[in-house]
Amino acid sequence: MPVTDDEELDRLLDADTIAVIGCSRTPGKAAHDVPAYLQRHGYRIVPVNPFADEVIGEPAFDALADVDAEIDLVNVFRPSETIPEVLEEVRERHAARGDAGAAWLQLGISHDEAAAAAEADGIEVVQDRCMKVEHGRLRG
C-alpha cells in the first residue's frame, strides 16, 4: 500500500539526495518550483531531464540510470500514464545499486498497479501528494 501515514511521510523527508524525474527549467512550473524549494531546504537535487543540460544550477541527466550519485528518493513529475515505465526505471536502479528505495509521485500523479509492483520490489511509494506541501506541513 502506498505511504499515506504522516509518520512514514516524515521519515521519507529524511532523504538527503533526491533525483527529480521531469525536473523543469521553467520557473512557475511545479516541476521547477518544488525542486527549487527542496534545494533551498537543504536537499541535494539531481535533475533528470533529457532536454536540459542544467536545472536549478545542477547538471541534468538524461535518465535515472545515468546518475552516478547515490539516490535516496526519486521525486516524479511525469504524467500518470508514464508511471509504469518510470517506476520500472526506479525498480531497475534499486535492484542494480540498492539505492532509490522510495518514489514520490507528485500531486495528481498515480498508478496503483505500477506502485504495487514497485512496492513488491521493496520500494516505498507515495502517490498524488506534493512533496513541498508535505514538507511544509510536517516540517515547516
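Note that the structure is predicted; figures quoted are calculated from it, not measured.

(A) Structural view of the pattern of salt bridges. A full pass over the atoms with the stated rule returns 9 salt bridges. The salt bridge involving E124 is made with R11; its shortest N-O contact spans 2.5 Å. Of this pair, E124 sits in strand 7 (residues 124–126) while R11 sits in helix 1 (residues 6–12), and the two are 113 residues apart along the sequence. For E124, a relative accessible area of 26% gives the class partly exposed.

(B) Representation of the packing of helix 3 (residues 83–97) against helix 4 (residues 112–120). Relative orientation of the contacting elements helix 3 and helix 4 amounts to 10°, with a least axis distance of 9 Å. The orientation of helix 3 relative to helix 4 falls into the category roughly parallel. Taken together, the residues of helix 4 that come into contact with helix 3 (itself represented by I83, P84, L87 and R91) are A114, A115, A117 and A118. Classifying every residue of the contact of helix 3 with helix 4 gives 7 nonpolar, no polar and 1 charged.

(C) Seen up close, the packing of helix 2 (residues 30–40) against helix 5 (residues 131–139). Across the interface, helix 2 lies against helix 5 with an axial gap of 9 Å and an inter-helix angle of 35°. Packed against helix 2, whose contacting residues are V34, Y37 and L38, the element helix 5 presents M131, K132, H135 and G136 at the interface. Per-class residue counts for the contact of helix 2 with helix 5 are 4 nonpolar, 2 polar and 1 charged.

(D) Main features of the sheet that holds strand 7. In space, the 5 strands of this open sheet follow the order 2-1-5-6-7, with parallel pairing throughout. Each of the sheet's edge strands pairs with one partner strand only, and the pair in question is strand 2 (44–48) and strand 7. The average undirected angle you get between the axes of adjacent strands in this sheet is 20°. As paired elements, strand 6 (residues 102–105) and strand 7 share 3 bridges and run parallel to each other. For A103, the partnering residue across the bridge sits in strand 7 and is V125. Running at roughly 155° to strand 2, helix 2 makes contact with strand 1 (17–21), strand 2 and strand 5 (73–76) of the sheet.

What counts as what
Residues numbered from 1 in each chain as written. Predicted model: local features only at pLDDT ≥ 70, side-chain atom pairs only at ≥ 80, totals over all residues. Heavy atoms only, no water. Salt bridge = Lys/Arg side-chain N within 4 Å of Asp/Glu carboxyl O. Helix = DSSP H or I, 4+ residues; strand = E, 2+ residues; numbered from the N terminus. Buried < 20%, exposed > 50% of the residue type's maximum accessible area, 1.4 Å probe, protein only. Axes fitted to C-alpha atoms, helices over the stretch in contact; angles between N-to-C directions. Parallel < 35°, antiparallel > 145°, perpendicular 65-115°, else oblique. Contact = heavy atoms within 4.5 Å. Nonpolar A, V, L, I, M, F, W, Y, C, P; charged D, E, K, R; others polar. Pairing = 2+ DSSP bridges.

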